[in-house]
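Architecture and fold: a report
These are the residues of each chain, in order.
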Amino acid sequence: FATIVKAVLNGRNVYENIKNAIQFLLSGNMAAILCVLFASIVGLPMPFAPVHLLFINLLTDSLPAIAIGMEPARKDLLDRKPRDPKEPILNRSLLGKIFGQGLLIGIATMAAFYIGYGSTQNAALAMTMAFATLTLARLFHGFNCRGRESIFRLGLRTNQFVLLAFGLGVLLLMSGLRSVGAGI
């Protein structure tokens, strides 16, 4: 019977981690989509070069998503009632979070783009500011997507992989900005 309890705990934890990783990935991509859509509608230059989106998707998305998947089981996981097996993984609540969080990240990113473009009319500077803002927002958002509770309740050091992913993401961003900085 002990192995059945352990199996149920592991199964629920895997399911929660998958939902959290989906929330992280889709909300971040929603932000990028909203930024490009807004810039197209308003007539601004594109806020990202294709290489920016490739960098974000390959490097700064994959590391935090994998780290979120390594989140340990919470103590209260077995106290929750079982989920309805007919409920889709992308339910209304999760879709609302994805859109809301994507919208907030998108607003911050476009604010950075607008500040860079509005003051100098330099599209390269504005793109760099939007890229850095989106990347950093998504890296910080990895902490937010670890679970239902706040980061203060979850604890910053309960998942060392998230810290490692954040640190590597920041280092990759800094090295990318350093190589681009000479052209601005």
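Source: prediction; values computed, not measured.

Side note on the overall build of the protein
The number of helices and strands found in the protein is seven helices and zero strands. Along its sequence from the N terminus, the protein presents helices and strands in the succession α-α-α-α-α-α-α. Along the longest, intermediate and shortest principal axes, the C-alpha atoms of the protein span 65 × 30 × 25 Å. Across the 184 residues that make up the protein, the buried fraction comes to 39%. The long-range share in the protein, meaning contacts at least 24 apart out of those at least 6 apart in sequence, stands at 81%. Working note: accessible area of the protein is about 10,600 Å², and carbon and sulfur atoms make up 70% of it. Computing the positive centroid from 17 side-chain charges and the negative centroid from 8, the protein places the two 3 Å apart.

Things to note about helix α4 (residues 92–120)
Between its first and last C-alpha atoms α4 spans 42 Å; for 29 residues at 1.5 Å apiece the expected length is 42 Å, and the two agree. Packing partners of the buried residues in α4 comprise α1 (2–42) and α5 (123–144). One or two positions beyond α4, positive phi appears at Q121, with a value near 60 degrees.

Some details on the packing of helix α2 (residues 50–60) against helix α3 (residues 62–69)
Where α2 contacts α3, the two axes come as close as 5 Å, and the packing angle between them is 30 degrees. Taken together, the axis directions place α2 and α3 in an arrangement best described as roughly parallel. Between α2 and α3, the residues in contact are N57, L58, L59 and T60 and S62, L63 and P64, respectively. Considered class by class, the residues forming the contact of α2 with α3 number four nonpolar, three polar and no charged.

Comments concerning the environment of D79
Structurally, D79 is set in the loop between α3 and α4. What makes D79 exposed here is its relative accessible area of 68%. C-alpha separation for the pair D79 and F166, spaced 87 residues apart in sequence, amounts to 31 Å.

Rules and cut-offs
Residues numbered from 1 in each chain as written. Predicted model: local features only at pLDDT ≥ 70, side-chain atom pairs only at ≥ 80, totals over all residues. Heavy atoms only, no water. Helix = DSSP H or I, 4+ residues; strand = E, 2+ residues; numbered from the N terminus. Buried < 20%, exposed > 50% of the residue type's maximum accessible area, 1.4 Å probe, protein only. Contact = heavy atoms within 4.5 Å. Areas by Shrake-Rupley, 256 points an atom, 1.4 Å probe, with all protein chains shown as cover. Lys, Arg positive; Asp, Glu negative; His and termini not counted. Charge placed at Lys NZ, Arg CZ, Asp CG, Glu CD. Expected span 1.5 Å × (residues − 1). Axes fitted to C-alpha atoms, helices over the stretch in contact; angles between N-to-C directions. Parallel < 35°, antiparallel > 145°, perpendicular 65-115°, else oblique. Nonpolar A, V, L, I, M, F, W, Y, C, P; charged D, E, K, R; others polar.

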